[in-house]
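# Structural overview for review
Listed below are the residues making up each chain.
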Amino acid sequence: MVRSALPVARIMTSGRLEGAVCIVTGGLSGLGAATTRALLAEGAQVAVLARNVTRSRAEAEWDRAEPLLVEVDVRHHEQVENGFDKVVGELGVPNAVVHCAGIATLGRINDHKAERAHTQLRDSIDTNIVGTFNVARQAAIAMPDDSTDGRARTIVLTSSIAAFDGQAGQVTYAATKGAIASMTLPLARELAGLGIRVVTIAPGVFGTPMLDGLPVAARDALAAATPFPSRVGEPDEFASLVVHALDNAMLNGETIRLDGALRIPAGP
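Parameters and conventions
- Residues numbered from 1 in each chain as written.
- Predicted model: local features only at pLDDT ≥ 70, side-chain atom pairs only at ≥ 80, totals over all residues.
- Heavy atoms only, no water.
- Helix = DSSP H or I, 4+ residues; strand = E, 2+ residues; numbered from the N terminus.
- Expected span 1.5 Å × (residues − 1).
- Bend = angle between axes of the 7 residues up to and from the residue.
- Axes fitted to C-alpha atoms, helices over the stretch in contact; angles between N-to-C directions.
- Parallel < 35°, antiparallel > 145°, perpendicular 65-115°, else oblique.
- Left-handed = near helix turned anticlockwise from the far one by under 90°.
- Contact = heavy atoms within 4.5 Å.
- Nonpolar A, V, L, I, M, F, W, Y, C, P; charged D, E, K, R; others polar.
- Pairing = 2+ DSSP bridges.
- Buried < 20%, exposed > 50% of the residue type's maximum accessible area, 1.4 Å probe, protein only.
- pLDDT = per-residue confidence, 0-100.

This paragraph deals with unusual backbone geometry. Comment: phi is negative for the bulk of residues other than glycine, and the bulk of peptide bonds are trans. The peptide bond linking Phe 228 to Pro 229 adopts the cis configuration, its omega dihedral lying at -5°. Its location among the elements puts Pro 229 in the loop between helix H8 (216-225) and helix H9 (235-247). The phi angle at Ala 261 is positive, at roughly 70°, despite the residue not being glycine. Position of Ala 261 relative to the elements: it lies in the segment after strand E7 (254-258).

In an α-helix, one turn spans 3.6 residues, which is why side chains three or four residues apart end up on the same side. Taking 1.5 Å as the rise per residue, helix H5 (residues 114-142) with 29 residues should run 42 Å; its terminal C-alpha atoms sit 40 Å apart, in good agreement. Of all the bends in H5, the largest measures some 30° and sits at Val 130.

Where helix H2 (residues 30-41) contacts H9, the axes come no closer than 8 Å and their chain directions differ by 55°. Here H2 lies oblique to H9, going by the angle between them. The two elements H2 and H9 meet at a crossing, and its hand is right-handed. Judged by residue contacts, Gly 30, Leu 31, Ala 34, Thr 35, Arg 37, Ala 38 and Leu 39 of H2 engage Pro 235, Asp 236, Phe 238, Ala 239, Val 242, Val 243 and Leu 246 from H9. Per-class residue counts for the contact of H2 with H9 are ten nonpolar, two polar and two charged.

What follows is about the sheet that holds strand E4 (residues 96-99). The strand order E3-E2-E1-E4-E5-E6-E7 describes an open sheet built from seven strands, whose pairing is parallel. Of all strands in the sheet, those with a lone pairing partner are strand E3 (68-71) and E7, marking the two edges. Taking the axes of each pair of neighbouring strands and ignoring which way they run, one obtains an average angle of 20° across the sheet. As defined by bridge partners, strand E1 (residues 21-25) adjoins E4 across four bridges and the pair is classed as parallel.

Moving on to H2. Relative to the 16 Å expected for twelve residues at 1.5 Å per residue, H2 spans 17 Å between its end C-alpha atoms, a close match to the ideal helical length. Within H2, eleven of the twelve residues are buried, leaving the element largely enclosed by the surrounding structure. The complete set of buried residues in H2 reads Gly 30, Leu 31, Gly 32, Ala 33, Ala 34, Thr 35, Thr 36, Ala 38, Leu 39, Leu 40 and Ala 41. Remark: Gly 43 follows H2 within two positions and exhibits a positive phi of approximately 95°.

A separate point is the confidence of the model for the protein chain. Per-chain confidence: the protein chain averages 87 in pLDDT, with 87% of residues scoring 70 or above. Note that pLDDT drops below 50 for residues 1-13; the model gives that stretch 13 contacts with residues more than four away or on any other chain.

Quick look at the structure:
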């Protein structure tokens, strides 16, 4: 008999992060919103950095408390710096930074005119790679070296299993998510002397707005191809791993696949 898993929101209430200051980029939808809720449930003070904070009241629901909302486009390092300064000024020095902001770009490289294909590539690089670099850099600057076991100073990045077995039509997306996975170990090695850990999560197929961009048949096929559990992942399951990564001091320099053992087929 297979037991049903308890809803994540019911089990993440231990207060392990009580009082900690956590920054979540892209924290108003999908994986980021689930992470924001989970951190709030753990007692953390949470600041959300997002490109459009005006939609938060309509699209995001907070169970316990509300996060500080700061409008930031991660593509621009000046905005990231100003956003971190605002968080430090209002909440204090961050204990953790969870970077969920990113975009998914799909399409074969010969499906579009050259200008459109290169525009898509540049947008993906600016958001997924430059944005990740900007956030990680500012996190390293903002977090002081006052942690003895690494638990309290952690950067969590978001890659994708497309980085390792992307489908046809995912060249741009896979390239940018692969870059994030490749950043993880050198970042961890560089920031180790500052008492900061770096962990990357590479999610599989999750029920987020990004997934809505795929045809229903494609979404169903990917869910069915997941060995166990054979379904789309829940954003709360991603958030649960984030909380564990913040709590487990030995997780460092690693990219963790969260995919139910899915290996994406090549595609049509």
